[in-house]
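Descriptive structure summary
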Amino acid sequence: DSGYEMFEAERAAALKRGKYLGIGFSNHVEQTAVGPYEDARVSLDLNGRMTVFSPVVAMGQGTEITLRQIAADEIGLDIEAIEIKFGNSDDLPDAIGAFASRGTAIGGSAVRQATRALKHALLDRLAAQLNCGREDLYWSEEGIDGPFLTDGPISVKTGLARLASSSSSAIEEA
């Protein structure tokens, strides 16, 4: 209770004692989700585990679970298969960081963009392995699909297993 309703009575009593009382109002506007940009990097190992490197840090706002969900939704993995590594300038030297309520708005967008780039890299590698054009493969709700895949879509994990048979390195995109 602000006591505003009793103010006039308090002002009159104060005036009798030679004191002046007034009411002041203040507003505050905070700029949020400010740029200029943010960076993120993602890596997908051949066992189907993804690591997201993000310069924004978890401060009790649900940032970790949010970024994990963004990456999981974008690539089609279970959220449990996503690990977040926060705020290390060795991983992302050009990053801006966490301030102005920008963790999800700016950091989440960076994670989505990095995950999309990773999907393209995965499709490029699979196309090379399957001896088909990159344009013959695309991402669908079921996983990786395309007219070249006569048995239907393959899951991300199956695609990774195919890559694992001919590669020893993780797929990484900045």
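For every chain, the first residue of the written sequence is number 1, and numbering continues from 1 along that sequence. The predicted origin of the model limits local features to residues at a pLDDT of at least 70 and limits the giving and counting of side-chain atom pairs to 80 or more, whereas totals for whole chains, interfaces and linings rest on all residues. For the side-chain quantities, the full set of heavy atoms in the structure was used; hydrogens and water were omitted.

A short note on the overall build of the chain
Counting from the N terminus, the helices are DSSP H or I runs at least four residues long and the strands are E runs at least two residues long. Each helix and strand counted, the chain has four helices and six strands in total. Written out in order from the N terminus, the α and β elements of the chain read α-β-β-α-β-α-β-β-α-β. If you take every contact in the chain between residues at least 6 apart in sequence, the share linking residues at least 24 apart comes to 64%. In this description, accessible areas are obtained by the Shrake-Rupley approach with a 1.4 Å probe, and a residue is regarded as covered only by the protein chains that are shown. In the form shown here, the chain has an accessible surface area of approximately 10,400 Å², with 48% of it arising from carbon and sulfur atoms. A contact between two residues is defined here by any heavy atoms of the two lying within 4.5 Å.

Observations regarding the pattern of salt bridges
Note on definitions: salt bridges are taken to be side-chain nitrogens of Lys or Arg within 4 Å of carboxyl oxygens of Asp or Glu. Per the stated rule, a full pass over the model turns up five salt bridges. Among the ionic pairs, Glu8 bridges to Arg11, the shortest N-O distance being 2.7 Å. Of this pair, Glu8 and Arg11 both sit in helix α1 (residues 7-16), separated by three residues, roughly a single helical turn. For every residue, the accessible area obtained with a 1.4 Å probe (protein chains only) is divided by the maximum for its type, and the residue is called buried under 20%, exposed over 50%, and partly exposed between those limits. Glu8 sits in the exposed class, given a relative accessible area of 51%. Among the salt bridges present, the one from Glu74 reaches Arg116, with a minimum N-O distance of 3.0 Å.

What to know about the environment of Ala58
Structurally, the position occupied by Ala58 is in the loop between β2 (50-54) and α2 (63-75). In sequence terms Ala58 and Gly103 are 45 residues apart; their C-alpha atoms lie 8.3 Å from each other. Setting aside residues up to four positions removed in sequence, Ala58 forms contacts with Thr63 and Phe86.

A short note on the nonpolar core
For this analysis, a nonpolar core means a set of buried residues of the types Ala, Val, Leu, Ile, Met, Phe, Trp, Tyr and Cys, connected via side-chain atoms within 4.5 Å. Ranked by size, the top nonpolar core spans 36 residues in total, and within it Met50, Leu122 and Ile144 carry the most contacts. When residues of this core are traced back to their parent elements, those giving at least two are β1 (41-44), β2, α2, β3 (82-86), α3 (103-130) and α4 (156-164). Sorting elements by how many residues they give to this core places α3 first, with nine residues. Not counting residues within four places of it along the chain, the set of residues in contact with Met50 comprises Val42, Ser43, Leu44, Ala71, Ile75, Leu77, Ala81, Ile82, Glu83, Thr115 and Leu118.

Looking at the packing of aromatic side chains
Aromatic contacts are taken between Phe, Tyr and Trp rings whose centres are within 6.5 Å, Trp giving its six-membered ring; a plane angle under 30 degrees counts as stacked, one over 60 as edge-to-face, and the others as tilted. Enumeration over the complete set of coordinates arrives at zero aromatic pairs. Cation over ring: Arg41 sits above Phe53, and NZ or CZ is 4.0 Å from the ring centre. Criterion for a charge above a ring: Lys NZ or Arg CZ within 6 Å of the ring centre, and within 35 degrees of the ring normal.

Some remarks on the environment of Phe53
Mapped onto the elements of the fold, Phe53 is located in strand β2. Placed 30 residues apart in sequence, Phe53 and Glu83 show a C-alpha to C-alpha distance of 8.6 Å. With residues up to four places along the chain from it excluded, the contact list for Phe53 reads Ala40, Arg41, Ser43, Lys85, Asp91 and Leu92.

Examining the pairing of β3
Only when DSSP finds a minimum of two bridges between them are two strands counted as paired. As paired strands, β2 and β3 are joined by five bridges and run parallel to one another. Its bridge partner lying in β3, Thr51 is registered against Glu83. Think of it like this: strands point away, you trace from the first strand over the helix to the second, and a clockwise trace means the crossover is right-handed. The β-α-β motif built from β2, the intervening α2 and the parallel element β3 has right-handed crossover chirality.

Description of α3
Each helix should span, by expectation, one fewer than its residue count multiplied by 1.5 Å. A rise of 1.5 Å per residue sets the reference length of α3, with its 28 residues, at 40 Å; its end C-alpha atoms lie 39 Å apart and thus fit the reference within 8%. Directly after α3, the chain includes Asn131, whose backbone phi takes a positive value near 55°.

Here's the deal with a nonpolar patch on the surface
Here a patch means residues that are over 30% exposed by relative accessible area and free of salt bridges, tied together within 9 Å if like-charged and within 5 Å if nonpolar (Val, Leu, Ile, Met, Phe, Trp, Tyr). Side chains of Tyr4, Ile23 and Phe25 sit close together on the surface and give an oily, nonpolar patch of about 390 Å² of accessible area. Position of Phe25 among the secondary structure elements: in the loop between α1 and β1.

Coordinates in, geometry out; function isn't part of it.
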